[in-house]
Amino acid sequence: MGGTPTLLLERCGPVGWLTFNRPAVGNAMDAEMMEGLPGAWSALDSDPDVSAIVVTGAGRAFQTGLDVVQLSRQPEALRAMSRRTRHADPRLTGWHLGVAKPVITAVNGVCAGAGLHFVADSDVVIASSAATFLDPHVSVGQVSAFEAIGLARRASFSAVARLALTGAHERVSAADALRLGWVSEVVPPDQLHDAAQRLGELIARNDQTAVTAVKRALWCSLEVGLTAARGAPA
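Residues numbered from 1 in each chain as written. Predicted model: local features only at pLDDT ≥ 70, side-chain atom pairs only at ≥ 80, totals over all residues. Heavy atoms only, no water.

(A) Here's a closer look at unusual backbone geometry. The phi dihedral of Asn-27 falls on the positive side, at around 60°, and the residue is not glycine. Along the polypeptide, Asn-27 turns up in the loop between β3 (15-20) and α1 (31-46). (Helix = DSSP H or I, 4+ residues; strand = E, 2+ residues; numbered from the N terminus.)

Given below as structure tokens:
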């Protein structure tokens, strides 16, 4: 299906898989990965044989945010990301890029910093029991904005505030993420892939036009409120 060395794309039946593939550095995003994400999402969303998309990580981590060390060696890439952040125009997730098909995030390990975008912006999140969540921005003098705001749309404000304000000093376990509503299911690590595939196949059994309309209406309800969302075009 294409992809890049840092972004693996594959199709398993009706389910498309997008896998972050920099396991040696916790799947941190370098310039190549950031540049490749829009095309990867587009390839999966436009594939007529894909009815649902799973995003996950290779190795022990899910996604640990920007690879600041690597980006510091590529000033133009760092400036480009800074411009996108300043203008509220990240181009990382399916939600950012208008992906119409349902997106399932399968958190296999540590999810930190900008990695939280993929949790906040997906339609369904499941996690390995080994997964943990943290937001280290404030610990390095940065402001966590988009990630925390995205999570607050779908979960308890107080828990999200605690995550953002404690920074690198506290992690949320998979069990607590389930209790807080950040994830819908927690499974043993060796069952995560199969659980995500199974969920994607369940979604694929339904009328895809209806699925797309439901996804659009649900996200619209977060953006504009109940009354306007009920009138959203199908």
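(B) Representation of the pattern of salt bridges in the model. Applying the stated criterion across every chain yields a total of seven salt bridges. Here Asp-123 makes a salt bridge to Lys-215, at a shortest N to O gap of 2.9 Å. Note that Asp-123 is positioned in the loop between α4 (116-120) and β8 (124-128) and Lys-215 in helix α9 (residues 208-224), a separation of 92 residues in sequence. A salt bridge links Arg-179 to Asp-176; the nearest nitrogen and oxygen atoms lie 3.5 Å apart. (Salt bridge = Lys/Arg side-chain N within 4 Å of Asp/Glu carboxyl O.)

(C) Expanded view of the side chain of Ser-128. Following the sequence through the fold, Ser-128 ends up in strand β8. Engagement of the side chain of Ser-128 in a polar contact is seen with the backbone nitrogen of Ala-130, the distance being 2.9 Å. Residues contacting Ser-128, with those up to four places away along its chain left out, are Val-107, Asn-108, Ala-174, Val-186, Val-187, Pro-189 and Leu-192. (Polar contact = N/O pair within 3.5 Å; in protein donor to acceptor, adjacent residues only side chain to side chain. Contact = heavy atoms within 4.5 Å.)

(D) Region of interest: the packing of aromatic side chains. The final tally for this structure, using the stated rule, is five aromatic pairs. Consider the rings of Phe-20 and Phe-62, whose centres lie 5.6 Å apart with planes at 75°: the pair is edge-to-face. With Phe-20 in strand β3 and Phe-62 in strand β5 (residues 61-63), the pair connects residues that are 42 residues apart, well separated along the chain. When the ring of Phe-62 is compared with that of Phe-118, the centres are 6.4 Å apart and the planes differ by 80°; the resulting orientation is edge-to-face. Placement of Phe-62 in strand β5 and of Phe-118 in helix α4 is noted, with a sequence separation of 56 residues between them. Across the pair, exposure class does not vary: Phe-62 and Phe-118 are buried alike. (Phe/Tyr/Trp six-rings, centres within 6.5 Å; stacked < 30°, edge-to-face > 60°. Buried < 20%, exposed > 50% of the residue type's maximum accessible area, 1.4 Å probe, protein only.)

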